[in-house]
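Topology and contacts: notes
Here is what each chain is made of, one letter per residue.
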Amino acid sequence: MKKTLLSLFALLAWATVMAQETNERFAIGIHGGEAWLSTFKGSGYYDWGYNIEVSGIIKLSNNQRVEIDLGWTDYGTDKYTTNGYLHLSAGYHWYWHIVAGLGWYVGPSANVGVWLDRYGYSGYTTSDNRFCIGIGGQVGLEYDFNIPLQLTFDARPSFNFKIPGDPFMTANWFNFGLRYRF
């Protein structure tokens, strides 16, 4: 019993020291919200959908960091058609504090992924899957709680190219994120 208590005390002391030494250089969580799509064809086709991502932040300095997201954007239109974009996005942020716990960030971003189209009518199904690359930007607000959680609200518009295929514009408007800092 004495050894168990001593071991627990040592573990608690080690965890306390490690928690005090950390400067919260990393954060991981979920990120997502409303997404918008527009093509540059004659009619200017557009569609709304949703975006969900696993999101990570790597702090480089007090006001610079990198965000990396792996996600799915769904533009499913009806029971016959499924449109979506599986992507890996990376953004470089410059970060500024507004008041204690609250800050804002802005920076360029890039993404790579696969555009997935699936059409099915009268028992006939076809797919049109294309590799995509894109460039854009990101702007947002972030709140760091006293506990190791952060809440974000941002927008990330992007100009993308299907290879081969037509360019398209996406914008992940009204995104919310919840991350654990460590």
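Look up: the structure comes first, before these words.
Just so you know, these numbers come straight off a predicted model, no measurement behind them.

Next up on the list: the pattern of salt bridges. Per the stated rule, a full pass over the model turns up five salt bridges. Close ionic contact of Glu142 with Arg65 constitutes a salt bridge, the shortest N to O distance being 2.8 Å. Of this pair, Glu142 sits in strand E6 (residues 124-144) while Arg65 sits in strand E3 (residues 64-74); the two residues are 77 residues apart in sequence, bridging distant segments of the chain. When salt bridges with common partners are traced through the structure, they connect Glu53, Asp69 and Arg156 into a single cluster.

A complete count under the given rule lists eight aromatic pairs for this structure. Look at Tyr92 and Trp94: their rings are 5.1 Å apart centre to centre, the planes differ by 75°, and that puts the pair in the edge-to-face class. The exposure class assigned to Trp94 is partly exposed, which follows from its relative accessible area of 35%. Through successive ring pairs, a cluster of aromatic residues spans Phe26, Tyr180 and Phe182. Cation over ring: Arg65 sits above Tyr105, and NZ or CZ is 4.7 Å from the ring centre.

About the criteria used
- Residues numbered from 1 in each chain as written.
- Predicted model: local features only at pLDDT ≥ 70, side-chain atom pairs only at ≥ 80, totals over all residues.
- Heavy atoms only, no water.
- Salt bridge = Lys/Arg side-chain N within 4 Å of Asp/Glu carboxyl O.
- Helix = DSSP H or I, 4+ residues; strand = E, 2+ residues; numbered from the N terminus.
- Phe/Tyr/Trp six-rings, centres within 6.5 Å; stacked < 30°, edge-to-face > 60°.
- Buried < 20%, exposed > 50% of the residue type's maximum accessible area, 1.4 Å probe, protein only.
- Lys NZ or Arg CZ within 6 Å of the ring centre and 35° of its normal.

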